[in-house]
Amino acid sequence: MRQYLFDAYELARLTETVNSAHKPIAEISIKIRPEEIYHYRHTSNWVKRLGLGTEESNQRTQAALDSLWAYALQLFVPLPGEAELVDANIVPDPATLRAAWEATVVPWLTGTGLSIPNPAEPATTSREQHTEHLITLLAEMQEVARIEGPDVKW
Amino acid sequence: MLTPDEIWQALRDVKDPEIPVVSVVEMGIVREVVVEAGRVTVTMTPTFSGCPALHVMKAEIENRVKQLGAESVEVIVALAPRWTTDWIADGARAKLKAFGLAPPPVHHGDVNVMFLDTASCPYCGSNDTSIKNTFGPTLCRTIYYCNACQQPFEQFKPV
């Protein structure tokens, strides 16, 4: 579900940044967007399969959506300095992006037997701060390196 | 004195490491060859943006041109214009199929057309196939199953 919500965001964003006034962003967006369509298709089909699967798969998928929705909405909270980039047509306006994103994910999720969580407010933690999840994530990602030590050769 | 034609010809020896039956020229990866006062500049473009074969192909292109006796070789990786599967040469499509990899359909730039979700089985030619996984062993391949001859196969994704 997390990947689905993000892929929908990324596709909406790339659809806008292909027209970025900053040429390197426009060029890489033009290159990546067709590939991103595959990512979106992959995760959207999984959401559909799970949402319309069994009673249990539906409940678990709904639970994932309930816990992630507020975090997904954070993607549209402007970051410091972002307004200047929007004014210069370098990145899209987060409000425009949110409208495009909702136009994609709301009908898809409701069409797959899921309901959109209420209220539609972003999580209150800032995107400039890490959540408590980072500690366990880092611990897991660094586990092998910590066990093997710095001198290991592969 | 090396000519661009000689270099283009020699680069036909450099194969795509993941699909060793086709060359980087046939795949449309080599975009331009310029020779100026003994200095060779080859412009190439990545296929998929995360393709791990890029660096291998870049090194092999450079080595192949050096073998021809070029004093100085520079390989430039250009992102624009973006590579598309429409640039794969017709002859190479037949080679992909013989290799067991369904060639990507030509879409003329309309990337949404590709979502007809059908691929012809490279083994028996049937269109009665279904997608099993959008991401196969590499980023650029989709895994299908042929309902006619009951074999799994891969398709090179159209982009």
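Above this text sits the structure in question.
Colleague: For this particular structure, what's the right way to read unusual backbone geometry?
Modeller: Residues other than glycine predominantly adopt negative phi, and peptide bonds predominantly adopt the trans conformation. With omega at -5°, the peptide bond leading from Ala80(B) into Pro81(B) counts as cis. Positionally, Pro81(B) belongs in the loop between β5 (72–77) and α3 (90–98). One non-glycine residue with positive phi stands out, namely Asn89(A), at about 60°. With respect to the helices, strands and loops of the structure, Asn89(A) is situated in the loop between α4 (82–87) and α5 (94–111). At Gln150(B), a residue that is not glycine, the phi angle is positive and equals roughly 55°. Turning to its location among the elements, Gln150(B) is positioned in the loop between β8 (141–146) and β9 (151–156).

Colleague: Help me understand the nonpolar core, please; the structure alone is not making it clear to me.
Modeller: Where a protein is soluble and globular, its nonpolar side chains tend to be buried together. In terms of nonpolar packing, the biggest core is built from 36 residues, with Leu11(B) and Ile61(B) touching the most fellow members. Per-element accounting of this core gives the leading share, four residues, to helix α2 (residues 54–67) of chain B. One finds Met1(A), Tyr9(A), Ala72(A) and Leu109(A) within the second-largest nonpolar core, a separate group that totals 21 residues.

Colleague: I keep staring at the packing of aromatic side chains and nothing clicks. Help me out?
Modeller: Two measures describe an aromatic ring pair: the distance that separates the ring centres and the angle between the ring planes. As enumerated under the stated definition, the model contains eight aromatic pairs over all chains in all. Pairing Tyr4(A) with Tyr40(A) gives two aromatic rings, centres 5.5 Å apart and planes at 40°, and the pair type is tilted. Note that Tyr4(A) is positioned in helix α1 (residues 2–17) and Tyr40(A) in helix α2 (residues 23–51), a separation of 36 residues in sequence. Each member of the pair, Tyr4(A) together with Tyr40(A), is buried. Taken together, a centroid distance of 5.7 Å and an interplanar angle of 40° make the contact between Phe6(A) and Tyr9(A) tilted. Here the residue Phe6(A) and the residue Tyr9(A) both occupy positions in helix α1, the gap between them amounting to three residues, near one helical turn. A relative accessible area of 33% places Phe6(A) in the partly exposed class. Each residue in the set Phe6(A), Tyr9(A), Trp69(A), Phe76(A) and Trp101(A) is aromatic and connected to the rest through ring pairs, giving one cluster. Positioned above the aromatic ring of Trp46(A) is the side chain of Arg49(A), whose terminal nitrogen or guanidinium carbon lies 4.4 Å from the ring centre. Sitting above the plane of the Tyr38(A) ring, Lys157(B) keeps its charged end 5.0 Å from the centroid.

Rules behind the numbers
- Residues numbered from 1 in each chain as written.
- Chains lettered and ligands numbered in written order.
- Predicted model: local features only at pLDDT ≥ 70, side-chain atom pairs only at ≥ 80, totals over all residues.
- Heavy atoms only, no water.
- Helix = DSSP H or I, 4+ residues; strand = E, 2+ residues; numbered from the N terminus.
- Core = buried A, V, L, I, M, F, W, Y, C linked by side-chain atoms within 4.5 Å.
- Buried < 20%, exposed > 50% of the residue type's maximum accessible area, 1.4 Å probe, protein only.
- Phe/Tyr/Trp six-rings, centres within 6.5 Å; stacked < 30°, edge-to-face > 60°.
- Lys NZ or Arg CZ within 6 Å of the ring centre and 35° of its normal.

All we've got here are geometric facts, nothing functional implied.
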